[in-house]
Amino acid sequence: MSRAWRTNAAAVVLAAATAGCATAPDPIARNAPLKLAMTEPVESLRQRSDAGDRQAQYALSFLMRTGLRGVERDPVAAEGLRARAGQAISRSAAIYVPGVNGNPGHVMMAPITEPGVSDGEARRLDACGAALMLGRPAMGGAMCGSPEAYIDLLPGAVALRREMMATALSDLPAVDPASVSDCAATDALWSDAALRMGLGDHGKAADAADRIIDLCGAAPESWHARVMRAQIALDAGDPGLALATMEPVPLPAPAPVGGYASLVVMAAHAAREDWPAHARERDRLTAASLAALGAELGTRRIEGFSVESGEAVLFERPANLTPTLDAHMVALVKPDAPETRPRAFWVTSSPDLFDPDSRSWFLDEYRCDGRATLQMFRNGPPTAAEVRQAIEARMAGRLEPVSGSGSPGAPGVCQFPAMVAPGLGDDPSALARQAEAATPATGDDASGPPQS
């Protein structure tokens, strides 16, 4: 056997042995550096980083850039760690080359290059982390590699979100409910209650809500506090108290309370398995939402159509929901089954993460128990016909989501009141229209529409 043949054979074996290095890892494994940043004890990360572990170096740099998990924010040190994390490392590996035609095999040392966490991969992990922290599952499904990879990282991201909220709360002075003695001075107490509710501190949130209710009685200033107190009662397994707390609130309530009140009452009826009462409130809420959309300036009814187990109405509704999220269409679905809660489908767009001059378009489904991205449109907005077709397929069980969050089927109060009952809640566009409608008319014709 010639030396050249043996060398070629060794090259073939080496290529086979190292083929995995060139194969893209599965998305969950690929996100390991980001998962370390969210879950590994910080001291362990520091030790591994000092020892040259490049995944730990990226993870620690992520925390240094964001100032999370008690790590002091230090962008300069973070850049240095990223340079180390991206540095390629060469090492030698022993490769066994089997013998041929009775000749003995032998071991040869082959150079192997490990690329580390490259600049491009670090940017992708940063984008995945941003999607997780912002709660953007559609973007996360794309940036993190797959919906499953996004979901795998969610527990760590949720913990970081709570940390951020706790930090924000710690920077604010706590409000003693007993220090507030006038209904007109409860704004600070309500803000404190909302923060504590978001952090899961139901005891202190309940104390604040009870104080607002005591001071404001049945007045509209108590309605948001009553919704919160009813939700806390439901979480404690007391739907009767929830319904009694909500008794003074009109249903559906005017904005900004809107659908929040009806949905917490529906949750109480569901907890008591009073499905006729649940269906009556749901149908009243849906009818009010449809009427509000039909009366909105700039909102146009496109069509109504039947879907599996219900009826849908599609509207063109341009609105700015958040600084980076615009709405374009919304469809409300009124279900037939008395135990089914309302749901809505939204067409939204947002700037592309890497190209702010272009936009990505999404069709999202919102239910009280979660949201799901059904389709992504990269070549422009979908047509009304495409949206209708997708809604029909989803309602018939023929369209699975691309990504999502929440726990479909889970009981409890609605997570997305303004999205499943648009036009009634405190979404920014509804409040802006309400303010516009309340502006006094000017000009010669005082009976005409408000002037902008």
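Residues numbered from 1 in each chain as written. Predicted model: local features only at pLDDT ≥ 70, side-chain atom pairs only at ≥ 80, totals over all residues. Heavy atoms only, no water.

> Please explain helix H15 (residues 259–271) as it appears in this structure.
Residue pairs three or four apart in sequence face the same way in an α-helix, which turns once every 3.6 residues. Along its 13 residues, H15 runs 18 Å from first to last C-alpha, staying within 8% of the 18 Å computed at 1.5 Å per residue. Most of H15 is tucked away: 10 of the 13 residues are buried. Three or more residues of H15 are buried, namely Gly 259, Ala 261, Ser 262, Leu 263, Val 264, Val 265, Met 266, Ala 267, Ala 268 and His 269. One or two positions beyond H15, positive phi appears at Glu 273, with a value near 60°. (Helix = DSSP H or I, 4+ residues; strand = E, 2+ residues; numbered from the N terminus. Expected span 1.5 Å × (residues − 1). Buried < 20%, exposed > 50% of the residue type's maximum accessible area, 1.4 Å probe, protein only.)

> What is the right way to look at the pairing of strand E6 (residues 343–351) in this model?
In the case of a regular strand, side chains alternate between the two sheet surfaces. For E6, the buried fraction is high: 8 of the 9 residues fall into the buried class. Where strand E5 (residues 325–335) and E6 come together, 7 bridges link them in antiparallel fashion. Within E6, the position partnered with Met 329 by the bridge is Val 347. (Pairing = 2+ DSSP bridges.)

> Teacher, can you tell me more about the packing of helix H13 (residues 223–235) against helix H14 (residues 239–246) here?
Helix-helix packing is described using two parameters, namely the angle between the two axes and the distance between the axes. Contact geometry of H13 with H14 gives a least axis separation of 7 Å together with a crossing angle of 170°. In this view, H13 runs roughly antiparallel relative to H14, as classed from their interaxial angle. Between H13 and H14, the residues in contact are Arg 226, Val 227, Arg 229, Ala 230, Ala 233 and Leu 234 and Pro 239, Leu 241, Ala 242, Thr 245 and Met 246, respectively. (Axes fitted to C-alpha atoms, helices over the stretch in contact; angles between N-to-C directions. Parallel < 35°, antiparallel > 145°, perpendicular 65-115°, else oblique. Contact = heavy atoms within 4.5 Å.)

> I keep staring at helix H11 (residues 187–198) and nothing clicks. Help me out?
For H11, which comprises 12 residues, the first-to-last C-alpha distance of 17 Å matches the rise-based estimate of 16 Å (1.5 Å per residue) to within 8%. Looking one or two residues past H11, Gly 200 carries a phi angle of roughly 85°, positive in sign.

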